[in-house]
Structures are given as C-alpha cells and as structure tokens.
Number of protein chains: 2
Amino acid sequence: MTPLTTLLGIRHPLLLAPMAGVSGGRLAAATSRAGGLGFVGAGYGDRDWLASQLSATEGQRIGVGFITWSLRRQPELLDMALAFAPTAILLSFGDMGGFADQVRRAGVTLIAQVQMVKQAREAAAAGADVIVAQGGEAGGHGGLRGTMALVPAVVDAVAPLPVVAAGGIADGRGIAAALMLGAQGVLCGTAFYACDESLAHPEAKRRLVAASGDNTFKSPLFDQLRGLDWPEGPWGLRALRNALSEQLGARWAAEPQAQHAELATQQTRLAHAREAGDFDTAPVIAGEAADLVHATSPASAVVQALMQGCDTALGRAAAITNRFQTPQRN
Amino acid sequence: MTPLTTLLGIRHPLLLAPMAGVSGGRLAAATSRAGGLGFVGAGYGDRDWLASQLSATEGQRIGVGFITWSLRRQPELLDMALAFAPTAILLSFGDMGGFADQVRRAGVTLIAQVQMVKQAREAAAAGADVIVAQGGEAGGHGGLRGTMALVPAVVDAVAPLPVVAAGGIADGRGIAAALMLGAQGVLCGTAFYACDESLAHPEAKRRLVAASGDNTFKSPLFDQLRGLDWPEGPWGLRALRNALSEQLGARWAAEPQAQHAELATQQTRLAHAREAGDFDTAPVIAGEAADLVHATSPASAVVQALMQGCDTALGRAAAITNRFQTPQRN
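These figures come from a predicted structure and were not determined experimentally. (Residues numbered from 1 in each chain as written. Chains lettered and ligands numbered in written order. Predicted model: local features only at pLDDT ≥ 70, side-chain atom pairs only at ≥ 80, totals over all residues. Heavy atoms only, no water.)

## As for the relation of the copies chain A and chain B
Then comes step 1: Take chain A, turn it by 180°, move it 0.0 Å along the axis, and it overlays chain B with an RMSD of 0.0 Å. Classification of the inter-copy transformation places it as that of a two-fold axis. Measuring from the rotation axis to each C-alpha of chain A, the shortest distance belongs to Ala177 of chain A, at 1.9 Å.
Then comes step 2: In this assembly, 98% of the residues forming the interface of chain A have copies in chain B that are likewise at the interface, indicating an isologous arrangement. (Least-squares fit on C-alpha atoms with pLDDT ≥ 70 in both. Contact = heavy atoms within 4.5 Å.)

Now the structure itself:
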C-alpha cells in the first residue's frame, strides 16, 4: 500500500479517467470492482444523465469527475454528486475556487488534475488531497506539457502530496514508468475507452483499437464543431484524425472566412453523424496511447492486464539495477 | 549489459544529445569518459567548426549527430565524420536516403532518431542499428508526440532493435521510467546543457537552471529569427519563452503583415544579441525537463547523478511490486 491506495481504499493504484460520455456508471463500477477506482465523467453537465449513471454504479465505491469551468455554470451538480457520497471528486480545467472547500467540508477526497507545475502548486495551496499531473498525450482535453517531464517536476513541487500520472499510459509498462517518476498511481482513459462497459459507440471502439497515436491531433476544431465553448486556457482537445478533420482543417486554414460561413452546417452534420455512428465525421476522442490498445475487452481484464504488465516491468528492474550499478568511488 | 551497451561499448545506457552549438568536442568527450556516449552536434554544417570540435574530443570514443536535411546540402561532412572513425552516427529529421548505406559500409553504428511510430518502421527498414524515439518534450527540434506513449509503441514496432528514449529525461527517475517502457537507454540534452563543458553561453546556462518546463514553447519563431529554413515536417523548435518571443509572438499573431516587414530587422537584432549574451532576445534552446536541472556542474557529475538516481528509482521497484501484486486466480 502507498499513501494513495490507503487514502482511496483501493487495491491497485489505477484510476479510470472521467471521460465525458464514455465513463458512465457501469464502466466506473467495473473498474472499482476490479481493484482500481472508477470515475463517472460528469462532462458538460447533463443532470439527468449524471443521475442515471450514478444510479448504475451497482453499489461500488466510485468517484465523479467534473470540468471545473462547466461545473461553475451548474454548481448544483456538485451537490448532487456529493449527496451520492463518492470516494473522491476530481476537478480539472479551471480555478477550483469554492468547490475545493465544499468537497473537503463534505469529507470527500479532493483530486485536482493539472497540466503545468505552477497549477500543481496552486491546487496544493487550495487544499487538494491528490494531484493528477496530466500530460498532453491524453485523449480529450489536456495541456501542452508531456507526461515524462511533468510528473517528476510536479512530484517535487507538491511533496509530500501524492501525485497520479495521466496521459499516454495504457499498459503496464507505462504504470511502472509512472511509479519510477515518483507518481503513486496512474489515471487512464484511452486504455478503457474500448472496454465492453464503455459508453463509446462500437464503431468508435473499433477505430481506436485500429489506430496509432501518430494519427491523433490536438486542435479546437472538434470543440467548435460540437458547439462547446471552452474558455481560453492552456488546454486543447486530442482526438483521432478523420476524414472531416483532414478536410476542414486544410480548407479552414487556407480560407478562414469559410469557417465562419460553414460552421453551423458542419455542426448539424456532426451531430447527425454522432447519432449515426459515422466516425468519418464524428470524432473518436482518444489519446496517443492508442498504439497500446489492441482489443475490446471487459474492464476487469484491462485492469488485470495493466497490473500484471506493471508487475512484469517492475520485476525486470532489479536485474537492470545490477547491470548498470554505478561504480563506487574510492 | 544490454544489447545497446554492448553494441556501443559503453558502461551506462546514457547518450548525450548532439545539441547544435552546445554539444562540442569537450562535452562529448567528458560524457564518454564518464561512461556514457557523447555526441558532437554537427548542427547546420559549419565545416571548420565541426573539424575543430572533432579534434577536441581528447581521444575519447564519441558519436556525431547530423540534421539529415541539412547534411544533404553538404554531404561531404559525413565523409569527414566517418574519417574520424566515430562510434556511431546519429541522423535525425528527414529521410536518411543513401546516408544509411554509407554509414553501414563504413562499419559505423547507425542510430536513427524518429518522432513517430511510422518513422521508426521506416528507419528500421532502412537499416538503422538503433532507434531513438524522441518525444516532443525535447529541447530544440522535436516532434509532436510525447515520450511516454511513443517509446513503448516504437519498442513494439521495431523489436528486436534496441530503442533509446529521448525527450523530457533529465534525472535518474526519467532513465528508470524509460527502461520500464522498454527502452534500452536514454538520450539527454537539457540535462547536459548547463554543464561546465557545454558550449552554451554562461547566461543561457543560468537561465536554464532557473527555468521551469512550464515556460518552454514550441514554435517556428526562433528558426525564422535565426534565418534557418527548416523544411515542412512533423517537428518544431522548443525553447524557453523570453521577452522577444512574448513580444513578437503576440504582435505577429495580431498583425501578420508586421512579420514580413520586421523580419530582417529582428534577425539582425537576434544575431547581435547572441553574441552579446542577451537572452531576453536570443533563445535558450532547452526542453521541458528544465524543471529537473538545478545547477551547473561537470558532465561527469551529471552522469554520476543520473545513474545513481536511476539505481535508486529501480531499487524501489521490487518493494512496489510486492505491494501491488496481482492476486492469483484460482
């Protein structure tokens, strides 16, 4: 056990990312049942959807993740989540403000996800119990810094607070690497996107399994096309490239006025495509770790594979240490 | 020993990045003497400078690193480097073409640095002996993918070729993490930038030591200001933000025509600033791992600290494995 697993009361140091529209009650519950901690993604604040997903968590201990700037528009959703007595609340993307105190007054563990070292210091000062250092490899919204250099810098900046690594981790090698960087656990989204219990469309799961991280990109394009008014900030949306993003990305770069003229039409087209499962048009919102996801499977199998892979990687460490032992100075 | 250390004949799986204008003969030699492998950075092809730096390597085994598209303009520089009988030639940024065969015919180890999985497959097919998977955290030129997800994907793509991780690694925790990801070694630039033997300006070293990776950015701005005509490609320049980049970045984004009108003047200003050591104007070209560099010191001390830190991190792995052991299924 580490302080993180003790704090959260979990067996494996493995958290499910609260992916909007993907991490529902069943996926969160399945992750927790397998020994990690599942998070329901509250996304952009559909009250009925959130209530329905929370009621589908099958009595498992789970957390709820919010997009902070969106929560500020409907702060009552935090009351609703806290009334559910979650194991933790995760806040990301924006100043936590009074939400931090509200979560702590409720006796619920407060996890702050950050994308820069200076944000980690601010979140620690605001009272976060756990810091998630999220690298820009992550699918969906994330920052511009990479996981490899961000995690140890955040560990140093907020010690002794426990740090969880996120972004680009979808197999046991990545978990072992995160632990070497000083993280006490990991938060994974893309690794669980194609799970049986995920709410992603079957065709989106199929495309993720077939994809390479080479084929992801970070851009405001799909937020504009979904009509999401993300505020200015050090974050962007990572998704798989598709026919629409290639076509519009090129044309709108060459003819900026075309974007203004076409936006409403393209938004309607995208909304229909999402319903129809047309992912040449609708986005598959996944991260660079897509290379490491090879199949759809139950969440329990993903948790087991991740932790066995981590054990295998860590088990190699002792042999490696002996190989590269630094010579003693005399 | 791993296949990589055996192949290169080195004690530590630690390579010095061939930083243009920074990794000269003395720094390369000091890195090799300490048990790693130093690389002289041939940069943009100053023949006399390269000859002078190669002659300053004090009889140590070293490698030479080229920017492939630049080498194509002066291919005779590869003849010159091979005549020096280097331990390895590292090629990055562009199609290796006939250079690959030339290096191999000379009996010299060919190391290809790539920024995407598909480039790794191409480099392996072209005959590279070692692949460096370079994440975008790296200082100077690098790709858009992050080290954490890129390295294991490249390891899988080119197995059994040895893979070296680069980008965002500047302490022992990062080396241990890279080994967990399946890399057989690391290539570090920012970690050595502030070394006594580095050719960087003392004021640039001071700024790097004081900087956070939060304050780096990736942009073509400083290439334009240095008059370097990098071809279109999946790479960009990472450097510390400074007064000039903040000022011009904002103005040229708001008034694109200003860039055209001012470029020549600003290029002259920057050239003078580099000579004068004015780094409010000239760039400090360093990576996101800046948070992890806390002092200037001899390269030998950096190598020792990196490898001792790696041993310490790997030494924790056995204890962690026992903590998170996956329960046996009955």
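## Considerations on the pairing of strand β11 (residues 236–240) of chain A
All names here are of chain A.
Then comes step 1: When you tally the buried positions in β11, you get five out of five residues, the bulk of the element.
Then comes step 2: Residues Gly236, Arg238 and Leu240 line one face of β11 and the alternating positions Leu237 and Ala239 line the opposite face, and both faces are buried.
Then comes step 3: One ladder, built from four bridges, connects strand β10 (residues 216–219) with β11; its direction is antiparallel. Its bridge partner lying in β11, Ser219 is registered against Leu237. (Buried < 20%, exposed > 50% of the residue type's maximum accessible area, 1.4 Å probe, protein only. Helix = DSSP H or I, 4+ residues; strand = E, 2+ residues; numbered from the N terminus. Pairing = 2+ DSSP bridges.)

## Thoughts on the nonpolar core
General note: in soluble globular proteins, nonpolar side chains tend to be found buried as a group.
Then comes step 1: Within the largest apolar cluster, 206 residues are counted, with the highest numbers of intra-cluster contacts made by Phe66 and Phe192 of chain A together with Phe66 and Phe192 of chain B.
Then comes step 2: Not counting the four nearest positions on each side in its chain, Phe192 of chain A is found in contact with Leu14, Leu16, Met19, Leu27, Thr31, Ser198, Ala299, Val302, Val303 and Leu306 of chain A. (Core = buried A, V, L, I, M, F, W, Y, C linked by side-chain atoms within 4.5 Å.)

## Quick look at the sheet that holds strand β10 (residues 216–219) of chain B
Residues and elements named next belong to chain B.
Then comes step 1: Read from one edge of the open sheet, three strands run β7-β11-β10, paired in antiparallel fashion. Of all strands in the sheet, those with a lone pairing partner are β7 (140–142) and β10, marking the two edges. With strand direction ignored, the average angle separating the axes of adjacent strands in the sheet is 35°. (Axes fitted to C-alpha atoms, helices over the stretch in contact; angles between N-to-C directions.)

## Details of unusual backbone geometry
Then comes step 1: The omega torsion of the bond from Ala159 of chain A to Pro160 of chain A falls at 5°, within 30 degrees of zero and hence cis.
Then comes step 2: In this structure, Pro160 of chain A sits in the loop between α8 (147–158) and β8 (163–166).
Then comes step 3: Residue Phe93 of chain B is not a glycine yet carries a positive backbone phi of 70°.
Then comes step 4: Here Phe93 of chain B is to be found in the loop between β4 (88–92) and α6 (99–105).

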